[in-house]
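The chain contents come next:
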Amino acid sequence: MSSRRILVTGLSTFWGGRLAQVIERDPSVETVIGVSHEDPACELERTEFVRVGLHHALLRRIVHAAEIDTVIDTRLVVDSLQASPRVAHEANVIGTMNILAACGGPHSPVRKVVFKSSAHYYGCERDDPAFFTEAMRRPHPPRTRLESDIVEAEKAVEGFAERNPDVTVTVLRFVNALGPDLRTTHTQLFALPAVPAILGFDPRYQFIHEDDLVGVLRFAAERNLPGVYNAAADGVLALSEVASLLGKPLAPILPPWGASLAAGALSRAGIRVPGEVLNQLRYGRGLDNRLLKGAGYPYALTSRETVLKHAEALRARPLKDGAGEPYRYEREVEEFLRWSPSVRRPRGTV
Amino acid sequence: MKQLPAAPAGEEELRALLPAIEPDRQLTDWGRSERVEGLIDATLYEFLYHYWFRCEVEGIENVPGAGGALLVANHAGALPPDAAMIAKAIKEEHPRPRPLHLTVEHFFKGYPGLAMLVNKLGGVPAHPANVHRLLHDERQLVLVFPEGRKGSEKLYKDRYRLRRFGRGGFVEAAMRARAPIVPVAVVGAEEAMPTFAQIGVLQRLTRLIYFPVTPLFPHLGLLGTAYLPAKFRIRFLEPIATDQWGADPSDDKGLVQTVAEEVRSRIQEELIDMVSKRRSVWFG
């Protein structure tokens, strides 16, 4: 089944916005609706934006009224940088519950749900396998609030898939993404003059480029991929390797014992290392990406190339700063441009 | 356009989907570093293998030149030198030298310093999924010590007496990967760094897996990690095929235990034979 009427949640996040930009260029897609509780941060041609509450409580009405056949949920908070623990919990647990409720039910028009999750589902522990496959679970209960929220959200999605066997449910577990437009804990850490590390540890890291990230989401929307898929580029790097690819020294500023105390002190100095990243800096993580590759997704870049490309973007950043006005969403302007009869549109477009 | 759900990929397909090797990288996806390993190999291992332990190797032809194989050896010495010497033996004596992946306890991944070093030297955490991927998908040589720390922490008075072989997990891994098991008997490691006692208090204080008293440690500090010059003999025994018992023999726990016990007794007999023929601990 190819998707015609698509709803994207989390339009204000990087992932949702970029995905909507790609989808709206596809003429076979009739309708693109984006929802989020904040204004979108990128320019959109024909995507209709609806502002909803954090809990997405009224989503069911939108889904039914617009006869949405595909819901792409990109809104999950996967980085402590994005939101406070309380907001993240509301969004990840209650939000997921409501979005799934909007997609389910006997008369629901929804035939496909794509759920963007995170490799934080697996956690980072001492006795992890070197490559997590989709069938594996974390060996210990989650250590941080964010991780347990992600696990709980996935559990809700799993339950939804069982109750609605005629809906194709795709769960995508993404590794850390890098790219010039992304703002995550890792892009911030890698922008520092030296890459922070825990003394005595050289964890394994896997990345995905932001373009591949959008590509994977689009791929999942186009195909029928029921089940869980890891989304990670080829190659697992060591943190020391990442630092040398970025052209920066590795700074083991965090002590092996009492690292979370030291991380607290660092955050006072403006360097934020949240709990889930601290676990990664200690034990690292690798994912087996062969299932999605086998389903036909061709990754454009490997982990190493992703880091190299990110390094180029980091070097170019000071030159680009202040070059263009950042995009700002203004409802009245958008509505005028889209609906006013006075606006002259080139023939053939909607 | 209607699309079928992705069919579960077959074994060969999964193998073809393994990431390609990037020639510009010095590390593998497992974190193994050619540079660090090469450096240690050319200096320390070279010296230990040829001059200090004067390793003598028998039965190197029992190590397959291609495909996955699980090497199973006895484990000894407070800071066991046996793994490095077995890896070096394959590098030096085998007509087709291949890298050897050594399974290590999860402890190493959690201990600062060791965590950085061990996987650069070819250590892989002893997780069944790791062993399966290496043996089955990547078709590599993997070395396991089923005794684990029970072998290396045992006291000098128990030398060359094999401990319990875990729960037979190594046999299951080999069966599932359909890779042969090559038993390996090593003589010399027990005398290279014998343990006379274990100090529990210091073990808890340092958070190491154990804190041994050896002839030179702990009273000589870091110098105490030096080995005594025992003569090493490494014997690779005839491989045991694991694809002779039908499609999925790893479900049969009885068979797994039988094979594990057979591997153990073959190594034990070989050790008794080698030790009884040895005239001197130091000169062989």
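Right, let's walk through the structure included here. (Residues numbered from 1 in each chain as written. Chains lettered and ligands numbered in written order. Predicted model: local features only at pLDDT ≥ 70, side-chain atom pairs only at ≥ 80, totals over all residues.)

**Digging into the overall build of chain B**
Tallying secondary structure elements over chain B gives eleven helices and nine strands in all. Relative to a compact globule of 284 residues, whose C-alpha radius of gyration would be 19 Å, chain B shows 20 Å and is just as compact. When the backbone C-alpha atoms are referred to their principal axes, chain B occupies close to 75 × 40 × 40 Å. Residues classed as buried in chain B amount to 41% of the 284 residues present. When contacts within chain B are restricted to residue pairs at least 6 apart in sequence, long-range pairs at least 24 apart make up 75% of them. (Helix = DSSP H or I, 4+ residues; strand = E, 2+ residues; numbered from the N terminus. Rg over C-alpha atoms; globule rule 2.2 N^0.38 Å. Buried ≥ 20, exposed ≤ 12 C-beta atoms within 10 Å, placed from the backbone. Contact = placed C-beta atoms within 7 Å.)

**Some thoughts on the overall build of chain A**
If you tally the helices and strands in chain A, you get twelve helices and 13 strands. Projected onto the principal axes, the alpha-carbon positions of chain A cover approximately 65 × 50 × 40 Å. Sorting the 350 residues of chain A into buried and exposed places 47% on the buried side.

**Observations regarding helix α11 (residues 303–320) of chain A**
The end-to-end C-alpha separation of α11(A) is 25 Å, in line with the 26 Å expected for 18 residues at 1.5 Å each. Restricting attention to buried positions, one finds in α11(A) the residues A:S303, A:R304, A:T306, A:V307 and A:H310. (Expected span 1.5 Å × (residues − 1).)

**What about the interface of chain A and chain B?**
Contact with chain A, which involves 30 residues of that partner, is made by 30 residues of chain B. Counting residues per element, the side of chain A that touches chain B draws most heavily on helix α10 (residues 290–294) of chain A, which supplies three residues. Looking at the side of chain A that touches chain B, its residues break down into 13 nonpolar, seven polar and ten charged. (Nonpolar A, V, L, I, M, F, W, Y, C, P; charged D, E, K, R; others polar.)

**Examining the environment of A:V277**
Along the chain, A:V277 falls in helix α9 (residues 275–283). For the pair formed by A:V277 and A:V333, sequence separation is 56 residues and the distance between their alpha carbons is 40 Å.

**Some details on unusual backbone geometry**
Geometrically, the link from B:F217 to B:P218 is a cis peptide bond, its omega value of 5° lying close to zero. Within the fold, B:P218 resides in the loop between β8 (212–213) and β9 (233–236). Phi angles above zero are rare outside glycine, and A:E67 is one such case at about 50°. In this fold, A:E67 is placed in the loop between α2 (59–65) and β4 (70–73). Its identity as a non-glycine residue notwithstanding, B:R54 has a phi of 45°, on the positive side. By secondary structure assignment, the location of B:R54 is in the loop between α2 (34–52) and β1 (56–58). B:R54 sits in the partly exposed class, given 17 other C-beta atoms within 10 Å.

**Concerning the nonpolar core**
Within soluble globular proteins, side chains that are nonpolar tend to cluster in buried spots. Counting residues in hydrophobic clusters, the biggest one holds 158 residues, and the most contacted among them are A:L217, B:L70, B:L71, B:M85, B:I86, B:A174 and B:V184. Residues contacting B:L71, with those up to four places away along its chain left out, are B:I86, B:L141, B:V142, B:L143, B:V182 and B:V184. (Core = buried A, V, L, I, M, F, W, Y, C linked by C-beta atoms within 7 Å.)

**Side note on the sheet that holds β9(B)**
Paired through their backbone hydrogen bonds, the strands of a sheet run either parallel or antiparallel. Residues and elements named next belong to chain B. In spatial order, the strands read β1-β9-β6-β2-β5-β3-β4; together these seven strands make up an open sheet with mixed pairing. Single-partner strands in this sheet number two, and they are β1 and β4 (123–125). On average, each strand axis in the sheet is inclined to that of its neighbour by 25°, with strand direction left out of account. Helix α3 (residues 82–93) contacts β1, β2 (69–73), β3 (100–104), β5 (141–144), β6 (181–187) and β9 of the sheet and is inclined by roughly 170° relative to β3. (Pairing = 2+ DSSP bridges. Axes fitted to C-alpha atoms, helices over the stretch in contact; angles between N-to-C directions.)

**With respect to the pairing of strand β1 (residues 5–9) of chain A**
All names here are of chain A. By the criterion of burial, β1 is predominantly enclosed, with four of the five residues buried. Pairing of β1 with strand β2 (residues 31–36) involves five bridges; the strand directions are parallel. By the bridge assignment for β2, V8 is matched with G34. Assessed by its sense of winding, the connection that carries the chain from β1 through helix α1 (residues 14–24) to β2 is right-handed. For β1 and β4, the ladder comprises four bridges, and the chain directions are parallel. For L7, the partnering residue across the bridge sits in β4 and is V71. (Right-handed = clockwise from strand over helix to strand, strands pointing away.)

**Considerations on the packing of α1(A) against helix α6 (residues 210–222) of chain A**
Residue and element names in this part refer to chain A. Interhelical geometry of α1 versus α6 gives an angle of 60° and a closest axis separation of 10 Å. When the axes of α1 and α6 are compared, the pair comes out oblique. In this structure, α1 crosses over α6, and the sense of that crossing is right-handed. For the pair α1 and α6, contact is made by W15, R18, L19, V22 and I23 and by L213, V214, L217 and R218, respectively. Split by residue class, the contact of α1 with α6 holds seven nonpolar, no polar and two charged. (Parallel < 35°, antiparallel > 145°, perpendicular 65-115°, else oblique. Left-handed = near helix turned anticlockwise from the far one by under 90°.)

**So, the sheet that holds β1(A)**
Residues and elements named next belong to chain A. The strand order β3-β2-β1-β4-β5-β6-β11 describes an open sheet built from seven strands, whose pairing is parallel. Looking at the sheet topology across the chains shown, the edges are occupied by β3 (48–51) and β11 (227–231). With strand direction ignored, the average angle separating the axes of adjacent strands in the sheet is 20°. Relative to the sheet, helix α4 (residues 145–163) contacts β5 (112–118) and β6 (168–174), its axis offset from that of β6 by approximately 160°.

**A few points about the pairing of β6(A)**
All names here are of chain A. Taken across its seven residues, β6 has seven buried, putting it largely inside the fold. Burial along β6 is two-sided: the residues T168, T170, L172 and F174 and V169, V171 and R173 are all buried. Note that β5 and β6 share seven bridges and pair parallel. In the strand pairing of β6, S117 is matched with R173. In this fold, the crossover linking β5 to β6 by way of α4 has right-handed handedness. In terms of strand pairing, β6 meets β11 through five bridges, oriented parallel. Residue pairing for β11: F174 is matched across the bridge by A231.

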